[in-house]
2 protein chains.
Amino acid sequence: MSKITIRELAKELGIAVSTVSKALRDSHEISTETKAKVLEVATRLNYIPNLYASSLRRQKSRTIAVVIPEVADSFFSIAINGIEEVAREKGYHVLIYLSHESLERETEILNEFKSGRVDGLMISVTSETCTGNHITAAMNSGLPVVFFDRICEDIQAARVITDDFESGYIATRHLLEKGSLHPVFLSISSTLSINQRREAGFIKALQEAGIPEEKKSIIPCTGSDEQIAAQILQLLEPANRPDGLIASVEKLVPPVYMACQQLGCRIPDDVRVVGFTNLPAAPILQPALTTITQPAFEMGKTAAALLFKGIEKTSFDLSKETKVIPSRLMQRASSGA
Amino acid sequence: MSKITIRELAKELGIAVSTVSKALRDSHEISTETKAKVLEVATRLNYIPNLYASSLRRQKSRTIAVVIPEVADSFFSIAINGIEEVAREKGYHVLIYLSHESLERETEILNEFKSGRVDGLMISVTSETCTGNHITAAMNSGLPVVFFDRICEDIQAARVITDDFESGYIATRHLLEKGSLHPVFLSISSTLSINQRREAGFIKALQEAGIPEEKKSIIPCTGSDEQIAAQILQLLEPANRPDGLIASVEKLVPPVYMACQQLGCRIPDDVRVVGFTNLPAAPILQPALTTITQPAFEMGKTAAALLFKGIEKTSFDLSKETKVIPSRLMQRASSGA
DNA sequence: GGAATTGCCGAAAACGGTTTCGCAAATAAA
DNA sequence: TTTATTTGCGAAACCGTTTTCGGCAATTCC
């Protein structure tokens, strides 16, 4: 089964290649009968246009890139689902790149896009990414860009985010209402947008409650998984154990539960817990985990839809768009009765 | 920042475009000095080759496709990690497609590859995929294909799998040793390769143990998530509750724990549980889940490496390759003390 | 009825690299 | 010294599609 090209269709039909091309693209220059004939032969011979020839000529690839820190995280994997769904509807293909939380890698990846590799880019930045030169460089080369979830605050670009500040606030208030007197916030990166906002919501709730702002209440959890586990283990030692905590990202949830099991620390009696996560296992943990659940699927869909709008309508100024899709507090046993 | 092409490099250097091209590809026809000059100008002007022009001429795209049923499953998301790692090393790009367990969708997706869209394909088939006509069609068009995890038994092609039969056997023996007298196997699809093998291992262990092969011991769990939950809930009713069970895929784990919580069914005292899963939450479940953990990352890496070997060495007959990477039984509390 | 328009199609030039082939000079072999 | 061979480079064809442009006939408009 050799590849069949537009030339062979033309030969088969006894007409010019340009006519075939126009017929296939449903040009008004071509009569309905000719179109029908071309279409018939094309399907009969199972003609599939060569994407690269087409992309080369038209300077567009019907391909988008998704750059995320990692895929083994429920938020991102669910978001990809949403992205793929919209892409498929629109006839676009999606390339995936993992930055592994490395700014250097992210920069490398984005640099390749300047050649016109992709028609658009959706990105959730690295926790290292504070300056976005590589991103603005890509944007300046004419690439439509949509940030989703983890954005770069100082770049004027389309954003699809969730209400991280409010979620941080709500989670904290929830802990306070459940009786926690000194909740702590497990922070993963002081430069990460979502972390900053959640943290700000946390602080606001604390201030409103008249709780003195001790430095200790924000606990940085950084480094390898093992290091994080050790930090959390230390935090939950009986000596100065907090009575409530917020796991600001999904990866902090397992070490928290693990530490509690090791230390005999009871959730929620000793420490009330809320986690930012989309883990399907949240309701089956013991006790079931109260979560701030992000609208991952919707965010993926929305971001993709926005990107396609930016790609297809040149008149549309993508950079002014910001969509905020609210997260939800799923109240379960881990935060108290 | 306008796109800069190879012609502009040539003009800047005062040499022919063909020379520039060859220099950039490090051809032996070009002197070392010329190469150096070309390289200098190329980096200075930040030249990035147009992938589509290159792909069109060379008939290869340095792009592979990964087709999987879904991404929101720890196995697949970890496998993607492995794939991406190898792809990046090799300078390949990876397109991702989700079949959503639909054969029709899978067929559509594969059909597009016949145009030379990608240089190779890694696929984990749908549970609906018993006949692989669409896959052999793609293979016949010259596309190197590697199956990973969920294979199509009747297609002669490269495979990277885990020892599902042995794992099913080991999981079952483990349950029996822990005192389960009549373990059951929760099956998700009778056509799915991994399901069949795991089931076969289960049956073998039962036979060896002299347990009469009752039909009831293999429980089909199909349909929507809600339907599956209902089926499992019914199964675990006290009346004829099994004393051990194997969740043959990850998505069955939450409904099992959920049902036990609802019914007051104690794990492992009432029912011993083993699950096939890579869930990071497995150790923090109460009780911690005994798992058959698949080498997802290694499988992704191995499959990708194999595919690239098949792509790059035409002499290499991919279709005869089968790599089996063993899974591991992670013994935890859910299967008994 | 002549001019202007419209409808339909074909030839050829793009798109931006890669590759083949040929040519001249330099080197090696005879 | 003559003949082969090698080395380094340039001209042009090529990959498969899209698009511009022009042409011819049929139609519409004064």
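Residues numbered from 1 in each chain as written. Chains lettered and ligands numbered in written order. Predicted model: local features only at pLDDT ≥ 70, side-chain atom pairs only at ≥ 80, totals over all residues. Heavy atoms only, no water.

What follows deals with the protein's contact with DNA strand D. Contacts to DNA strand D come from 27 residues, most closely from Arg7(A), Arg57(A), Thr19(B), Lys22(B) and Thr34(B). The protein-proximal atoms of DNA strand D, defined as those within 4 Å of the protein, are 57% sugar or phosphate. Between Arg7(A) and DNA strand D, the recorded distance is 3.4 Å, taken from a side-chain N or O atom to a base nitrogen. In the environment of DNA strand D, a phosphate oxygen lies 3.1 Å from a nitrogen or oxygen atom belonging to the side chain of Arg25(A). The set of elements that each furnish at least two residues to the surface near DNA strand D consists of helix H1 (6-13), helix H2 (17-24) and helix H4 (51-58) of chain A together with helix H2 (17-24) and helix H4 (51-58) of chain B. Residue contributions to the surface near DNA strand D peak at four residues, all from H4(A). (Near = heavy atom within 4 Å. Polar contact = N/O pair within 3.5 Å; in protein donor to acceptor, adjacent residues only side chain to side chain. Helix = DSSP H or I, 4+ residues; strand = E, 2+ residues; numbered from the N terminus.)

What follows is about the interface of chain A and chain B. Taken together, the contact between chain A and chain B spans 51 residues of the former and 51 residues of the latter. On the chain A side of the contact with chain B, Tyr52(A), Arg88(A) and Ile284(A) bury the most area, a combined 16% of that side's loss. The tally of links from chain A across to chain B stands at two salt bridges. For the interface between chain A and chain B, the tally reads 20 residue pairs in polar contact (both at pLDDT 80 or more). Every element with two or more residues in the side of chain A that touches chain B is listed here: H4, helix H5 (74-90), strand E2 (93-98), helix H6 (103-112) and helix H11 (253-263) of chain A. Residue composition of the side of chain A that touches chain B, by class: 26 nonpolar, 16 polar and nine charged. (Contact = heavy atoms within 4.5 Å. Buried area = accessible area lost by both parts, 1.4 Å probe. Salt bridge = Lys/Arg side-chain N within 4 Å of Asp/Glu carboxyl O. Nonpolar A, V, L, I, M, F, W, Y, C, P; charged D, E, K, R; others polar.)

The environment of DNA strand C is formed by 26 residues, the closest being Thr19(A), Lys22(A), Thr34(A), Arg57(A) and Ile6(B). Within 4 Å of the protein, the contacting atoms of DNA strand C are drawn from sugar and phosphate to the extent of 55%. One of the side-chain N or O atoms of Arg57(A) is found 2.6 Å from a base nitrogen in DNA strand C. Note that a base oxygen of DNA strand C is positioned 2.8 Å from one of the side-chain N or O atoms of Arg57(B). The greatest single-element share of the surface near DNA strand C, amounting to four residues, is contributed by H4(B). Here the residues of the surface near DNA strand C sort into eight nonpolar, 10 polar and eight charged.

What follows deals with the pattern of salt bridges. If you walk through the whole model with that rule in mind, you get 32 salt bridges over all chains. A salt bridge links Glu12(A) to Arg44(A); the nearest nitrogen and oxygen atoms lie 3.5 Å apart. In this pair, Glu12(A) is assigned in helix H1 and Arg44(A) in helix H3 (residues 32-44), connecting sequence segments 32 residues apart. When its relative accessible area of 46% is taken as the criterion, Glu12(A) is described as partly exposed. Measuring nitrogen to oxygen at the nearest pair gives 3.1 Å for the salt bridge that ties Glu177(B) to Arg173(B). Here Glu177(B) and its partner Arg173(B) are both found in helix H8 (residues 164-177), four residues apart, which amounts to about one turn of the helix. A residue is classified by how much of its surface remains accessible, and Glu177(B), at 57% relative accessible area, is exposed. Here the salt bridges do not stand alone but share partners, grouping Glu12(A), Glu40(A) and Arg44(A) into one network. (Buried < 20%, exposed > 50% of the residue type's maximum accessible area, 1.4 Å probe, protein only.)

This part is about the sheet that holds strand E8 (residues 244-247) of chain B. Residues and elements named next belong to chain B. Strand order in this open sheet of six strands is E7-E6-E8-E9-E10-E12, and the pairing throughout is mixed. The strands lining the two open edges of the sheet, one partner per strand, are strand E7 (218-220) and strand E12 (328-330). Taking each pair of neighbouring strands and ignoring which way they run, the sheet shows an average axis angle of 20 degrees. Bridge count for strand E6 (residues 183-187) against E7 is three bridges, and the pairing is parallel. Looking at the pairing, Leu186 lines up with Ile219 of E7. Contacts between H8 and the sheet are confined to E6, E8, strand E9 (272-276), strand E10 (290-293) and E12, with E9 contributing the most and set at about 165 degrees to the helix. (Pairing = 2+ DSSP bridges. Axes fitted to C-alpha atoms, helices over the stretch in contact; angles between N-to-C directions.)

This brings us to the relation of the copies chain A and chain B. The relation between the two chain copies is a rotation about an axis coupled with a shift along that axis. Laying chain A over chain B is done by rotating through 180 degrees and shifting 0.0 Å along the axis; what remains is an RMSD of 0.1 Å. Each copy turns onto its partner about a two-fold axis. For chain A, the smallest separation between a C-alpha atom and the rotation axis is recorded for Leu95(A), amounting to 2.2 Å. Of the residues that chain A buries at the interface, 100% are likewise interface residues in chain B, meaning the two copies contact each other through the same surface. (Least-squares fit on C-alpha atoms with pLDDT ≥ 70 in both.)

Time to look at the packing of helix H1 (residues 6-13) of chain B against H2(B). Helix packing geometry: the angle between the two helix axes and the distance between the axes. All names here are of chain B. Contact geometry of H1 with H2 gives a least axis separation of 8 Å together with a crossing angle of 105 degrees. Taken as axis vectors, H1 and H2 run roughly perpendicular relative to one another. Every residue of H2 that contacts H1 at Ile6, Arg7, Leu9, Ala10 and Leu13 is listed here: Val17, Val20, Ser21 and Leu24. Among the residues forming the contact of H1 with H2, the class breakdown is seven nonpolar, one polar and one charged. (Parallel < 35°, antiparallel > 145°, perpendicular 65-115°, else oblique.)

Here we take up a positive patch on the surface. Residues and elements named next belong to chain A. Together, Arg25, Arg58, Lys60 and Arg62 line one region of the surface with positive charge. Along the polypeptide, Lys60 turns up in the loop between H4 and strand E1 (63-68). Taking the relative accessible area as the measure of exposure, Lys60 reaches 44% and is therefore partly exposed. (Patch = residues over 30% accessible without salt bridge, like charges linked within 9 Å, V, L, I, M, F, W, Y side chains within 5 Å. Areas by Shrake-Rupley, 256 points an atom, 1.4 Å probe, with all protein chains shown as cover. Lys, Arg positive; Asp, Glu negative; His and termini not counted. Charge placed at Lys NZ, Arg CZ, Asp CG, Glu CD.)

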